[in-house]
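Structure at a glance
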Amino acid sequence: MRLAELADKRVAVWGYGREGRAAVAVLRQHFPQKSLTLICPAAEGDRARARGDERLLVLSDPVDAQTLAGFDIVIKSPGISPYRAPYPQALAAGVNFTSGSALWFAEHAQARTICVTGTKGKSTVSALIAHLLRRRGLCVALAGNIGLSLLDLLQPPREPDWWVIELSSFQTRDFDGAPTIAVINNLYEEHLDWHGERKAYVADKLAIAARAQRVVVNAHQTELDSLAASGKRIRFNDEDGWHVRGDAIFRAGERILALAAIPLPGIHNAQNVCAALAAIEAAGEDSRLLAKHVASFKPLSHRLQTLGTRNGIEWINDSISTTPYAAIEALRSLTGRAVTILVGGFDRGLDWSPFVDFVAKAPPRAIVTMGANGAAIADALRHIVDSGFVLDSAPVLHEALARARTLTPVDGVILLSPGAPSFDQFHDYAERGREFARLAGFDPAAISEIEGLGIA
């Protein structure tokens, strides 16, 4: 759906997060005299009214299907689940839903796009791809779920050579664009509160593959390997392509990059590098030549971010960890260290048995559970016979951190890798990470935002 098609339609924007704010701004720019309705929670509505826009009507969420049926087009924010009322009822009533991402793709149908999705690592992979292409001397846009709405770049000052776009599973479901290249980094359980079940999560996440010209997939996961015909598929984590072997990254049999040269900890991050290099190859660039520039990449905040040392204890902020698999990889990256890990947060109904199995075989020094699902995680961990770790629990982050201090020896590590979202205590993972830093005695303001967003 093109923006011009909205000119004579009754339009509502549903949600006032990053995409919702961008949608309101774009509609107001293109149709300054048009009345517009915003549907959002009361607190967000107050911020919207502060704009002083007399043609913006704000309705407080939640709304029912009948209210939504009063509009021809509803631009839905990604966080609103299409599997929960009133969306299905409104859809059945004939409401036409779209999204900010869908509007952008309709306006940029000819753009060269590399769209990155996956359960974990998609921000790092997206930023790496943009970094490497820019080192090649190309003009590259970096946007999407990574922190800048595509609608904020609807009319760029110049057309980039490539658009690198991170897409969440919410966004891959809600747009019908055709990426030049789709990168699917990995696939684990997540966001079941939004998708309802794993089957829907997988289908929504993988819908992007059918529309892409080329698909980059993780060969370690068989359900990804069958996504595309071999002619348009590039595999990483495969011995014939980009993969990790021993102490280096290889392209087939050629040793390209030592792991020691990668400024990202853990084998999972080395695999993220492989995904990025495979995408560069899919884009027709010389990935072998560009691989050396991985060394100058600046790691993203809140992703196994070493904050520093206090009283002989190292503090690591991995607040982006929102699945048990992410917490596993964080522990794997610290093998051999005396680690106290803080886990738990908002309960999305995920299966923690893989984490339980992992720590039973490779126990950390201690585990402190916290948050809304902390008690359930602790109950699962108590079933381990001869666990080899100390288990403690606290309701909130600051108490969990205090317990961790008492359990961690000098030269040990306190690791925040919750394996769960932050919404039970914080606005988002970044706020949780900054509070962890503050409680540990570091300056939260020193934790930078993601660099390289936009066009450069």
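All of these numbers come straight from a predicted model, not from anything done at the bench. (Residues numbered from 1 in each chain as written. Predicted model: local features only at pLDDT ≥ 70, side-chain atom pairs only at ≥ 80, totals over all residues. Heavy atoms only, no water.)

**Comments concerning the pattern of salt bridges**
Throughout the structure, instances matching the rule amount to 17 salt bridges. Where R136 meets E285, a salt bridge forms, and the shortest distance between an N and an O atom there is 2.8 Å. Of the two residues, R136 is situated in the loop between α6 (122-135) and β7 (140-144) and E285 in the loop between α11 (267-282) and α12 (287-290); the sequence distance between them amounts to 149 residues. Assessed through its relative accessible area of 15%, E285 is described here as buried. Between E281 and R251 there is a salt bridge; the shortest N-O distance is 2.9 Å. With E281 in helix α11 and R251 in strand β13 (residues 248-251), this residue pair connects regions lying 30 residues apart in the sequence. (Salt bridge = Lys/Arg side-chain N within 4 Å of Asp/Glu carboxyl O. Helix = DSSP H or I, 4+ residues; strand = E, 2+ residues; numbered from the N terminus. Buried < 20%, exposed > 50% of the residue type's maximum accessible area, 1.4 Å probe, protein only.)

**Topic: the packing of aromatic side chains**
Per the counting criterion, the structure on display carries 7 aromatic pairs. Ring geometry for Y87 versus F97: centroids 4.1 Å apart, planes at 25°, classification stacked. In this pair, Y87 sits in helix α4 (residues 87-92) while F97 sits in strand β5 (residues 96-98), placing the two residues 10 residues apart along the sequence. Assessed through its relative accessible area of 6%, Y87 is described here as buried. Residue F97 is classed as buried on the basis of its relative accessible area of 13%. Between the aromatic rings of W104 and W163, the centroid separation amounts to 4.7 Å while the plane-to-plane angle is 65°, which identifies the pairing as edge-to-face. Here W104, found in helix α5 (residues 100-107), pairs with W163, found in strand β8 (residues 162-166); they are 59 residues apart in sequence, far enough to count as distant. The same class applies to W104 and to W163, which are both buried. (Phe/Tyr/Trp six-rings, centres within 6.5 Å; stacked < 30°, edge-to-face > 60°.)

**Digging into the side chain of R303**
Within the fold, R303 resides in the loop between α12 and β15 (305-310). Put simply, R303 is tucked away with no salt bridge, and the nearest opposite charge, on E166, sits 5.9 Å away. Of the polar contacts made by the side chain of R303, one reaches the side chain of S123; its length is 3.5 Å. Those residues within four positions of R303 in sequence are excluded, and the remaining contacts are S123, T124, N317, D318, I320, Y429 and I450. (Lys, Arg positive; Asp, Glu negative; His and termini not counted. Polar contact = N/O pair within 3.5 Å; in protein donor to acceptor, adjacent residues only side chain to side chain. Contact = heavy atoms within 4.5 Å.)

**Focus on the pairing of β15**
Bridge count for β15 against strand β16 (residues 313-317) is 5 bridges, and the pairing is antiparallel. Looking at β16, one finds that R310 is bridged to I313. Two successive antiparallel strands, β15 and β16, enclose a turn made up of 2 residues, where N311 displays a positive phi of approximately 55°. (Pairing = 2+ DSSP bridges.)

**Digging into the nonpolar core**
Here is a general trend for soluble globular proteins: nonpolar side chains tend to be buried in one another's company. Counting residues in hydrophobic clusters, the biggest one holds 48 residues, and the most contacted among them are L6, L27, L38, I75 and W104. Counting 42 residues, the second-largest nonpolar core is a separate cluster that includes A127, I249, A275 and L290. (Core = buried A, V, L, I, M, F, W, Y, C linked by side-chain atoms within 4.5 Å.)

Don't take any of this as a statement about function, it's just geometry.
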